[in-house]
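Overview (structure and organization)
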Amino acid sequence: MMHAILLCGGSGTRLWPLSRKCYPKQFAKLMGDESLFQISAKRLTGPGFAPPIVVTGDPFRFIVTEQLAQVERAAQAILIEPEGRNTAPAILAAALYIARTDAQALMLVAPSDHVIPDCDAFAQTVQAAVPRAQAGDLVTFGITPTRAETGYGYLELAEGANASAQTPQPLARFVEKPDRAQAQGMLQTGNFLWNAGIFLFTAQAIIAAYQTHAPEMLDAVRASLDGATSDLGLTRLAPEAWGQADDISIDYAIMEKADNLAVMPFAAGWSDLGGWDAVWLESGPDAAGNVCSDNATAIDCAGTLLRSETDGLQLVGIGLDNIIAVAMGDAVLVADKSQAQRVKEAVDALKQRDASQAVQLPRDYRPWGWYESLVIGGRFQVKRIVVNPGAALSLQSHHHRSEHWIVVEGTAKVTVDDTVKLISENQSVYIPLGSVHRMENPGKLPMVLIEVQTGSYFGEDDIIRYEDIYARG
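As recorded by an unreviewed UniProt entry, the chain carries the name mannose-1-phosphate guanylyltransferase and is attributed to Sulfitobacter pontiacus. Of the comments in the UniProt record for the chain, the one headed Sequence similarities (unreviewed entry) reads "Belongs to the mannose-6-phosphate isomerase type 2 family." Per UniProt, the chain carries the Catalytic activity (unreviewed entry) text "alpha-D-mannose 1-phosphate + GTP + H(+) = GDP-alpha-D-mannose + diphosphate".

If you want it as structure tokens, here you go:
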């Protein structure tokens, strides 16, 4: 039985404004009606697979469980990192977790934000690598390059290796992201593969590699797992020990030092969607080289990506060449496609200006659903709130605001101090300042309400929680 390890903690800043720190690209619907995380979970479940282990951060724990439920998948475990410390500690935590029950178990480690269109070909490639992994080797997957890409790291094959082989090959070294001339040279030699960041090994083999090359990290992560606590079915790694682990990738910590490496070539298509140029390419440009979302129109454009991510917002491009334009309700990105890798600079610039758009989406996702601010004034705010079936907000009160709730879809069960009642469509209820209140959705469909807040302060930190089914502080 193979255990898929889904790494799910990145921020995806190169796909801003759709991907932001609060809701990174793995959870976004970039390539269809399902998120990259959901597509990855479906690809790495089924016959021959144990339920996956997801390693993620605390802000995403409920997004993970909700998105898995939407595609009818369940995780074997969800390991919550106290803080992001790159891939080396995350993968080790999963290995130690698995080794508790089966040290010889196979681990297929994969980022949750990659695109692999041919799932059958990928499954066959993984199976071809199994014997080497079972023999104790650390197998990394290398992608046959199709262009001189500067956004990826590379793998150099050892002398005599076959880059198009259908079995694992000897690996000479890892190569950092190259400049354009270096990338062109490596493409021409035919002896280099893109580093996919996907690995196959047994739990015992990778733990032994940490013991040899990163023993301090092994001690720290083992202590963190031993001190972990259970929280609503999630496994929270102990923060103090976790903080002692180096913030480092598995490539630097282990792979570049190990002598039992092999690389499995894969040529059937892959992308890490590391920028809007990659999204343009993977989305299948039309005859003019354009890619347009449902709410976008291209007129006399060529080689252009036009995406409107907001219902009711129409994006039109006229006479554009090689342009990326991504529009949302609170932010718009316009860039030359050749500059796609610089989008992170925009996020850094917005952070320096304390612009909320750098990290926050207009829609704020919570364990019970989501909300978005429609209008903000000096002493009032209007929100749309959507509560999932069976979900409930915490029992809470506020120091600085009163609230008026108007149900526009579904039925709400509302608690205000000692009064509990059902509120249907077109009905409303007033929540005085300081009142202890809660909103629940007892129905089988999402419940939608409009909330009008009035007062002197509307920050989310003006919430005093008394009870919360999601164990938030």
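What follows concerns unusual backbone geometry. With omega at 10°, the peptide bond leading from W16 into P17 counts as cis. Mapped onto the elements of the fold, P17 is located in the loop between β1 (2–8) and α1 (36–43). Although it is not a glycine, E72 sits at a positive phi angle of roughly 55°. Overall, the relative accessible area of 70% leaves E72 in the exposed class. Phi is positive for D354, which is not a glycine, with a value near 55°.

Let us look at the packing of aromatic side chains. Within this structure, the stated rule accounts for 11 aromatic pairs. When the ring of W194 is compared with that of W270, the centres are 6.3 Å apart and the planes differ by 50°; the resulting orientation is tilted. A residue pair is termed long-range when its members are at least 10 positions apart, and W194 in strand β8 (residues 192–202) and W270 in the loop between β11 (261–266) and α10 (276–282) qualify at 76 residues. Using a relative accessible area of 1% as the deciding quantity, one classes W194 as buried. Sitting over the ring of W280, K337 keeps its end group 4.0 Å from the ring centre. Across from the ring centre of W370, 3.5 Å away, lies the NZ or CZ of R363, which sits over that ring.

Further remarks concern the pairing of strand β3 (residues 77–81). Along any regular strand the residues' side chains alternate between the sheet's two faces. Summarising burial for β3: 5 of the 5 residues are buried, a large majority. Side chains A77, L79 and E81 of β3 all project onto a buried face; the interleaved residues I78 and I80 project onto the opposite face, where all are buried too. Bridge count for strand β2 (residues 49–57) against β3 is 5 bridges, and the pairing is parallel. Its bridge partner being in β3, I53 is matched across the sheet by A77. Bridge count between β3 and strand β10 (residues 234–236): 2 bridges; the pairing is parallel. Across the sheet, residue I80 finds its bridge partner in β10, namely R236.

A contiguous nonpolar patch, built from I299, V316 and I318 and spanning about 270 Å² of accessible area, is present on the exposed surface. Position of I299 relative to the elements: it lies in strand β13 (residues 296–299).

Our focus in this paragraph is the environment of P168. If you trace the backbone, P168 turns up in the loop between β6 (154–157) and β7 (171–175). If we skip the residues at most four places from it in the chain, P168 touches A128, A129, R132, A262, V263 and M264.

Attention now goes to helix α6 (residues 203–213). Note: α-helices contain 3.6 residues per turn, so residues at a spacing of three or four share the same orientation. Taken as a whole, α6 has its buried residues at A203, A205, I206, I207, A209 and Y210. Buried positions along α6 lie against α3 (87–99), β4 (106–111), β5 (138–143), β8, α7 (215–226) and α9 (250–255).

L30, L108, F141, I198, L200 and W276 are the most contacted members of the largest nonpolar core, which totals 72 residues. Here this core gets 6 residues from one element, more than from any other, and that element is helix α4 (residues 119–134). One finds V55, F174, I207 and M255 within the second-largest nonpolar core, a separate group that totals 50 residues.

In this numbering, the UniProt entry assigns the feature "domain: MannoseP isomerase/GMP-like beta-helix" (unreviewed entry) to residues 295–350. Between the end C-alpha atoms of residues 295–350 there is a gap of 26 Å, over a span that is 14% helix and 39% strand.

The subject of this paragraph is the packing of α6 against α7. Relative to each other, α6 and α7 sit at 125°, their axes nearing to 5 Å. Between α6 and α7, the angle falls in the class oblique. Two secondary-structure elements touch here, α6 through I207, Y210, Q211, T212 and H213 and α7 through P215, M217, L218 and R222. Taken together, the residues that form the contact of α6 with α7 break down as 5 nonpolar, 3 polar and 1 charged.

The next point concerns the sheet that holds strand β12 (residues 291–292). The strand order across the open sheet formed by 4 strands is β12-β14-β16-β17, and the pairing between neighbours is mixed. Among the strands making up the open sheet, the edge pair consists of β12 and β17 (332–336). Where strand β16 (residues 323–327) lies against β17, 5 bridges are found, and the strand directions are antiparallel. If you follow I324 over to β17, its bridge partner there is A335.

Residues annotated by UniProt as "domain: Mannose-6-phosphate isomerase type II C-terminal" (unreviewed entry) correspond here to residues 363–468. Helix makes up 0% of residues 363–468 and strand makes up 59%, while its end C-alpha atoms are separated by 21 Å.

Let us look at the side chain of R307. By the secondary structure assignment, R307 is in strand β14 (residues 305–308). Within the structure, R307 has its side chain in polar contact with the backbone oxygen of L30 (distance 3.2 Å). Not counting residues up to four positions away in its chain, the partners in contact with R307 are L18, K29, L30, W276, V279, S293, A296, L315, A325, V326 and A327.

Glancing now at a negative patch on the surface. Taken together, E216, D219, D246 and D247 make up a surface patch of like negative charges. Within the fold, D247 resides in the loop between α8 (239–242) and α9. The class of D247 is partly exposed, set by a relative accessible area of 47%.

Thresholds, definitions, all that
- Residues numbered from 1 in each chain as written.
- Predicted model: local features only at pLDDT ≥ 70, side-chain atom pairs only at ≥ 80, totals over all residues.
- Heavy atoms only, no water.
- UniProt positions renumbered as here; feature names shortened; annotations may be inferred.
- Helix = DSSP H or I, 4+ residues; strand = E, 2+ residues; numbered from the N terminus.
- Buried < 20%, exposed > 50% of the residue type's maximum accessible area, 1.4 Å probe, protein only.
- Phe/Tyr/Trp six-rings, centres within 6.5 Å; stacked < 30°, edge-to-face > 60°.
- Lys NZ or Arg CZ within 6 Å of the ring centre and 35° of its normal.
- Pairing = 2+ DSSP bridges.
- Patch = residues over 30% accessible without salt bridge, like charges linked within 9 Å, V, L, I, M, F, W, Y side chains within 5 Å.
- Areas by Shrake-Rupley, 256 points an atom, 1.4 Å probe, with all protein chains shown as cover.
- Salt bridge = Lys/Arg side-chain N within 4 Å of Asp/Glu carboxyl O.
- Contact = heavy atoms within 4.5 Å.
- Core = buried A, V, L, I, M, F, W, Y, C linked by side-chain atoms within 4.5 Å.
- Axes fitted to C-alpha atoms, helices over the stretch in contact; angles between N-to-C directions.
- Parallel < 35°, antiparallel > 145°, perpendicular 65-115°, else oblique.
- Nonpolar A, V, L, I, M, F, W, Y, C, P; charged D, E, K, R; others polar.
- Polar contact = N/O pair within 3.5 Å; in protein donor to acceptor, adjacent residues only side chain to side chain.
- Lys, Arg positive; Asp, Glu negative; His and termini not counted.
- Charge placed at Lys NZ, Arg CZ, Asp CG, Glu CD.

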